[in-house]
Amino acid sequence: MNARDTLTYLDHAATTPMRAEAVEAMLPFLSDRFANPSGSHRFARSVRQAVDEARDVVADVVGCQPGEVVFTGCGTESDNAAIVGTQRRHGGIAVCAAAEHHAVLHAVQHGGGRVVGVDAAGRVDLDALAAALASDASPFVSVVSVMTVNNEVGSINPMREIAEIVRHHAPRALLHTDAVQAPCWIDLRTITPHVDLLALSAHKFGGPKGVGVLIERQGTVLEPLLQGGGQERDRRSGTHNVAGIVAMAEALRLTDIERQAENRRLAGLRDRLVDSLLQQLPDVIETVPRDVKVAGSAHVCIAGIESESLLYLLDEAAVCASAASACASGAMEPSHVLAAMGVEKRYSLGALRMSLGRTTTDADIDCALEVLVAAVRRLRGAPVHPAVGMKGVPA
Ligand code: PLP
């Protein structure tokens, strides 16, 4: 059974279906072309060449030099390598925004760093950031981490302005951006010049799971997370995931080519989905204004229901979406992102993230609307308490 024929998949922020071209690109490296690219014989050299070609493609799309591309095992690793690696090398503490993905937030908190607030759209509060950096704190701030696109609500941080604040108030600090949710929506060439470190993850743009990138701009020196064979010019030890790297590059290349057209197409679908919901259901808010977020993000908060019950009904109708709540000591709690944004609890407990992507069609939107409107009406009439496990935001 093909999932794409039977499911209405509106969870592209969690992961994207792999592109057929990316699957095709990786196959030879899962069979005949199995050599270790670090070897010295001709077979190894030919595989190394494939890794180097993938590096060139990534560098072109990101807007950096090939030597600045470090292949990693996932987005989480890239974020940790940036934050932990900076602190281990240069000392000091890290600063991040309250709406960051846990891959950043937990790494910062674990290292004794500081978390600054966000505005009502989930973007870092620029004044709070400046204040946190300006205070003559000890230890000094060695790395600042602000995500390019938020994975829950889709808002876009102003990376150029953030870079100016960091350069002005903490000139010794490195600026890292978790750009894992960005490639489908934003030309990375407009982001890279402003940062020292940038994290990507292949499965968010049609590549395979378990492969990522950390861009380390020239002159940026980190302590590597992994000690070992010294691959990636001593920046990331471990035998290369060649198939994953080659497939990631192909997915990124195609994403870059299609980005503009897909932005237009998916903004249209997203607008229809959200407009129609707001029209048909009272007491629903669009969590973040559309002009500050990416085209594929449809995030709403529905008063009078709990996300978990709604997700259960959507799941029964084969509509895949996400909530943003987690169960803390038996009581529903809003996600850390919505809490930081100050969304009223009666709305945040009914949060629903629908994220559109390359495979989303008009028919998906029709289906989602029909199922969603009926489910919310049903829940508002008679609460449903399904005996299902927790489904938080898987991204
Ligand atoms: N950062 C953001 C913004 C994400 O959405 C994700 C997704 O899970 C990650 C980091 C982690 O990436 P990965 O799943 O490759 O570890």
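This report concerns the structure included in the present document. Note that the structure is predicted; figures quoted are calculated from it, not measured. (Residues numbered from 1 in each chain as written. Predicted model: local features only at pLDDT ≥ 70, side-chain atom pairs only at ≥ 80, totals over all residues. Heavy atoms only, no water.)

### Notes on the sheet that holds strand β5 (residues 141-145)
Logical step 1: With respect to topology, seven strands assemble into an open sheet ordered β2-β8-β7-β6-β5-β3-β4, the strand pairing being mixed. Of all strands in the sheet, those with a lone pairing partner are β2 (69-72) and β4 (114-116), marking the two edges. Pairs of neighbouring strands in the sheet enclose a mean axial angle of 20 degrees, with direction left out of account.
Logical step 2: The sheet contact formed by β5 and strand β6 (residues 174-178) spans three bridges and is parallel. Following the sheet pairing, V144 is matched in β6 by L175.
Logical step 3: Of the strands in this sheet, β2, β7 (197-201) and β8 (212-216) are in contact with helix α3 (residues 42-62), which crosses β2 at around 115 degrees. (Pairing = 2+ DSSP bridges. Helix = DSSP H or I, 4+ residues; strand = E, 2+ residues; numbered from the N terminus. Axes fitted to C-alpha atoms, helices over the stretch in contact; angles between N-to-C directions. Contact = heavy atoms within 4.5 Å.)

### A short note on the sheet that holds strand β9 (residues 284-286)
Logical step 1: Taken in spatial order, the three strands line up as β9-β10-β14 in an open sheet, and their pairing is antiparallel. Whereas interior strands pair on both sides, the edge strands pair on one side only; in this sheet they are β9 and β14 (351-355). When strand polarity is set aside, the average angle formed by the axes of neighbouring strands in this sheet is 25 degrees.
Logical step 2: Strand direction decides the pairing type here: strand β10 (residues 297-302) and β14, joined by five bridges, are antiparallel. Bridge assignment links V300 to a residue of β14, and that residue is L352.
Logical step 3: This element, helix α8 (residues 242-280), spans β9, β10 and β14 of the sheet and lies at about 15 degrees to β10.

### Section: the pairing of strand β3 (residues 93-97)
Logical step 1: For β3, the tally of buried residues reaches five of five residues, placing the bulk of the element in the interior.
Logical step 2: Side chains of β3 alternate between two faces, with I93, V95 and A97 and A94 and C96 buried alike.
Logical step 3: Summarising the sheet, β3 and β5 pair through four bridges and their orientation is parallel. When the sheet's bridge partners are listed, I93 is paired in β5 with V141.
Logical step 4: Pairing geometry for β3 and β4, over three bridges, is parallel. By the bridge assignment for β4, A97 is matched with V116. (Buried < 20%, exposed > 50% of the residue type's maximum accessible area, 1.4 Å probe, protein only.)

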